[in-house]
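Results of the structural survey
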Amino acid sequence: MIALEYPKMHLKTSLGNLVEVLTGRRWSPRQALCQVAVRADRFGAEAVRAGDRVFLVYGNRLEFFADLLAVWRLGACAVPIDNRLTAFEVDTLARAATPSLALVDDNTNADVVKRLLALGVRVIHTLDVTAGDGDGDVGLDHADAKRLDDDALILFTSGSTGDPKGVVHTHRTLGARWTALRQVLGVEDFRRSLCLLPTHFGHGLICNSLFPWLAGQDLYIAVPFRPDLMMQLGKLIDEHEVTFLSSVPSMWRLALKMARPPQSQTLKRVHCGSAPLSAHLWEQIQGWASIDHVANVYGITETGSWVAGISEGGVSPEDGLIGAPWDATIRIVEGQGSPASPEARIPNKPGESGKVWLKTAALMKGYFNRDDLTGKVVVGGWFSTGDIGFTDDRGWLYLKGREREEINKGGMKIFPADVDAVIDRFTHTADVCTFAVDDPLHGQNVAAAVVLSEPSDVTVSQLHAWTKQHLAAYKMPVRWYLRDEIPRTSRGKINRDNVMRLCADLKPLD
């Protein structure tokens, strides 16, 4: 067995098989580590050194995982990037993170590659690095390859059009998350895990993919959020004898309507996260999957994703129910007042709603080069989630809503300020406010109220074209409202909920 060890963490890993469900390509653990060795040599030859940052501007394929481990082997930090971002957005992230190397594939936007090269970033196509079938140097000595407190992963959660906010995890914080999940959930249910989520954010990467794979379980990788795959979900589960998959609620709105249920009875566990799971949808998933072990997991990138949920089956679905913390401490305090550590404040009684604070060994190192932002949410080792909820007499968490302004489009978090920043750059934009609107498929979607200096059909058409050029497609507003002014508070701030209410009775632009 090829074992990898995290020093002083008592966490040993033995890679599982990697399989692409669409192509049928498969790597054994030995083949994967051969790829890691060859890629580490190539990246090292490109002058990647310990402490460097490497962009992975692609994902959800075999090579992504080999590239990730190769970067770690060199002591560098991996920065997965959403390959749907425009050149403008990637430029913003690259200027903030200053990567020494970017790894791409055929699905990476050609304009993104050009922009990275113009910034002086070396670019390698992942398929240009190959390994033979021989044994090669398949060892991966983690004791030499990385120190526990070195930066391992940066996941940008916002700011691709403004001030980037990148969550930094070290090998210690990642190891703490995986150790906790092994202790609470074990690994047997994850024997054959299916990843239908993007590998550029915490839910899909840290927990759905790396947790089972680095525990020696097989990982089946799919292209994320593809409707045709969701329509074949039952067939995929049967064909690959899948025992586990994680998901977001919007995926089920299509699967429950179009996909036949699995027949093989191999499925042991289903997680649903990144967005609230209603009791009704929860019950529908249980019925479709023919299992009661469906968990509404609570995952935050800053805490290494899954930090609370229901460990065992047999729990009746409830709106807002999350469950017990997974090797973490939850504290609910009043939402008003100074950002003092929750330990210095009187905790709410069971059933009383307030701000949700978390304490966990898997808490991020901080936001990359943004101590100002880190200090606003991390106080005395506690993380302020921005969520509102309560705990019951068992200590189980229930969520009531979010304090944050982010738009949750089917589990993909979109920050209104990011969209505002692009629209505001348009020549004739006088003011703009982006906000969430209800969406029957995604739960929420993007709307924008805009004040134009020259309101006309031509200007509106130009605005649409400008935004489409500079903003990722999934962030594009689906509704546009033309206004004479955007109301602000006495301090000059926009109240997005107020703007949303003002636009509710207006007809959107065609």
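Quick look at the structure, then. Per chain, residue numbering runs from 1 following the sequence as it is written. A pLDDT threshold of at least 70 governs which residues receive local features in this predicted model, and a stricter bar of 80 or more applies before side-chain atom pairs are shown or counted, although totals over entire chains, interfaces and linings include all residues. Processing note: side-chain calculations cover all non-hydrogen atoms of the structure and skip hydrogens and water entirely.

This part covers helix H15 (residues 496-503). Burial classification: accessible surface area is computed with a 1.4 Å probe over protein chains only, and a residue below 20% of its type maximum counts as buried, one above 50% as exposed, and the rest as partly exposed. Think of it this way: any DSSP run of H or I at least four residues long counts as a helix, any run of E at least two long counts as a strand, and we number them from the N terminus. Within H15 the residues assigned to the buried category are Arg496, Val499 and Cys503. Buried residues in H15, looked at end-on, bunch into an arc of 60 degrees, giving them a common side. Residues count as neighbours in contact if any of their non-hydrogen atoms are within 4.5 Å of one another. Of the surrounding secondary structure, the elements contacted by the buried residues of H15 are helix H13 (416-424), strand E27 (429-439), strand E28 (443-452) and strand E29 (479-482). In protein, a polar contact means a hydrogen-donor-capable atom and an acceptor-capable atom, both N or O and within 3.5 Å, with residues adjacent in sequence counting only if both atoms are side-chain atoms; elsewhere, any N or O pair within 3.5 Å suffices. One side-chain oxygen at the N-terminal end of H15 lies 3.1 Å from the backbone nitrogen of Asp497; it belongs to Asn495. Arc, as used here, means the arc of the directions from the helix axis to the C-beta atoms.

On to the pairing of strand E8 (residues 122-125). When DSSP finds two or more bridges between a pair of strands, those strands are recorded as paired. In this structure, strand E7 (residues 101-104) lies alongside E8, joined through 4 bridges in parallel fashion. Of the residues in E8, the one forming a bridge with Leu103 is Ile124.

Whenever Lys or Arg places a side-chain nitrogen within 4 Å of a carboxyl oxygen from Asp or Glu, that contact is recorded as a salt bridge. Within the structure shown, the criterion is met by 21 salt bridges. Close ionic contact of Arg42 with Glu46 constitutes a salt bridge, the shortest N to O distance being 3.6 Å. Of the charged contacts, one joins Glu46 and Arg122 as a salt bridge, the two residues approaching to 3.7 Å between their closest N and O atoms. Of the two residues, Glu46 is situated in the loop between helix H1 (29-45) and strand E5 (53-56) and Arg122 in strand E8; the sequence distance between them amounts to 76 residues. Looking at Glu46, the relative accessible area reads 23%, which means it is partly exposed. Residue Arg122 is classed as partly exposed on the basis of its relative accessible area, which comes to 30%. Through salt bridges with shared partners, a single network forms among Glu20, Arg25, Arg61, Glu63 and Asp105.

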